[in-house]
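Understanding the architecture of this molecule
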Amino acid sequence: MHSAPIIEVLGLRLDLSIILTLLISMTIVFVLARLAVRNLSVENPSKLQNFMEWVVEFVHGIIGSAMDLKKGRAYVSLGMTLILFIFVSNLLGLPFAVITEAHHPATIFGQEITTTSQQVFDQLVAKGKDPHVELLWYKSPTADISVTFGLAFIVFLLVHYLGLKHNRKHYLKHYVEPFPVFLPLNIVENLAKPVALGIRLYANIFAGEILITTLVGAGVFGLPFLAAWQGFSIFIGALQAFIFTMLTMVYIAQSSIHEEH
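What you see is a predicted model, and the numbers here were worked out from it, not measured in a lab. (Residues numbered from 1 in each chain as written. Predicted model: local features only at pLDDT ≥ 70, side-chain atom pairs only at ≥ 80, totals over all residues. Heavy atoms only, no water.)

**Digging into unusual backbone geometry**
Among all residues except glycine, the phi angle is most often negative; among peptide bonds, the trans geometry is most common. In this model, E177 is joined to P178 through a cis peptide bond whose omega is 0°. Its place among the elements puts P178 in the loop between α7 (168-173) and α8 (183-217). A positive phi angle, near 55°, is found at L10, a position not held by glycine. Its location among the elements puts L10 in the loop between β1 (6-9) and β2 (12-15). Of the residues examined, L10 reaches a relative accessible area of 85% and is grouped as exposed. The backbone of F109 shows a phi angle near 55°, a positive value even though the residue is not glycine. For F109, the location among the structural elements is in the loop between β4 (107-108) and β5 (111-112). Residue class for F109 comes out exposed when judged on its relative accessible area of 71%. (Helix = DSSP H or I, 4+ residues; strand = E, 2+ residues; numbered from the N terminus. Buried < 20%, exposed > 50% of the residue type's maximum accessible area, 1.4 Å probe, protein only.)

**Some words on a nonpolar patch on the surface**
A cluster of nonpolar side chains, contributed by I145, F149, V195 and I199, occupies part of the molecular surface with about 290 Å² of accessible area. Of all the secondary structure elements, the ones that give two or more residues to the nonpolar patch are α6 (145-166) and α8. (Patch = residues over 30% accessible without salt bridge, like charges linked within 9 Å, V, L, I, M, F, W, Y side chains within 5 Å. Areas by Shrake-Rupley, 256 points an atom, 1.4 Å probe, with all protein chains shown as cover. Salt bridge = Lys/Arg side-chain N within 4 Å of Asp/Glu carboxyl O.)

**Some thoughts on the UniProt feature "transmembrane region" (unreviewed entry) in the protein**
In the numbering adopted here, UniProt assigns the feature "transmembrane region" (unreviewed entry) to residues 16-37, 75-99, 145-164, 201-226 and 232-253. A helix fraction of 64% and a strand fraction of 4% characterise residues 75-99, whose end C-alpha atoms lie 39 Å from each other. Helix makes up 100% of residues 145-164 and strand 0%, and the two end C-alpha atoms of the span are 28 Å apart. (UniProt positions renumbered as here; feature names shortened; annotations may be inferred.)

**Thoughts on the confidence of the model for the protein**
A residue-level look at the protein finds 98% of positions with pLDDT of 70 or above and a mean pLDDT of 88. Confidence, read as mean pLDDT per element, is least for α7 in the protein (84) and greatest for helix α4 (residues 76-91) (94). (pLDDT = per-residue confidence, 0-100.)

**A short note on the pairing of β2**
Bridging between β1 and β2 involves 4 bridges; their strand directions are antiparallel. Residue pairing across strands places I6 opposite D15, the latter belonging to β2. The hairpin turn running from β1 into β2, its antiparallel successor, is 2 residues long, and L10 in that turn takes a positive phi close to 55°. (Pairing = 2+ DSSP bridges.)

**Notes on the nonpolar core**
Buried together is how nonpolar side chains tend to be arranged in soluble globular proteins. Judged by nonpolar contacts, the single largest core of 37 residues is most densely connected at M67, I86, F244 and M249. Mapped onto this core, the elements with two or more residues apiece are α1 (16-36), α2 (47-66), α4, α6, α8 and α9 (223-256). Among the elements that make up this core, the one with the highest residue count is α4 (8 residues). For M67, the contacting residues outside a window of four places in its chain are G72, Y75, M249, I252, A253 and I257. Ranked by size, the runner-up nonpolar core spans 10 residues in total, among them I7, I113, L124 and V133. (Core = buried A, V, L, I, M, F, W, Y, C linked by side-chain atoms within 4.5 Å. Contact = heavy atoms within 4.5 Å.)

Take a look at the structure:
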């Protein structure tokens, strides 16, 4: 089983593989956006410009299915950011994985990698295992539950902020509908939304990467299945990015635009 390269900074446990791939995802999305608008042309648009225009239209369709597009146009940038970032992040771990072996305690940036501490090696020796640790440095960031929960938490805060800002009376009223006794249930329902949002994305991507690891371990016999699964994983990655963005727009519409819930 691979271990994550974790260091502790100011009491926080930081997974370096997640930080690395998050930076890569953000860079890819930023570069794509910049290249798409670098030489805008109406008569002779580039392929990348056509692709980005298709993404804009697609996001318009998502927003239009959840709310009046006149009111929802303000959320196009949010929708594009979510769908592109999540899609790229979902696929980042498909091409390959970067794994290194540590046979002694290791440090990086002057910080000890806690998963290679002397205590870890002592435990392996006590269990009669080969004293080495395999560190996984590269994987899809959305295969980590802290990332998907982080995204879901940001959506949670945004939804309630917009509800209080644009639709305060009806937003607060819906907590006691249809009767005040339903207040606890309505609170639980709202708290469950980001949990389900984060777990759904994490579970699908994590399960896919576990299956890929299993197929790689099968050697030559697993190659045909690996190729087929990686192709299917692209579809899964796109679907999960769509679902996350769609539910975000639905939650925004329910809290900040609709007067009746």
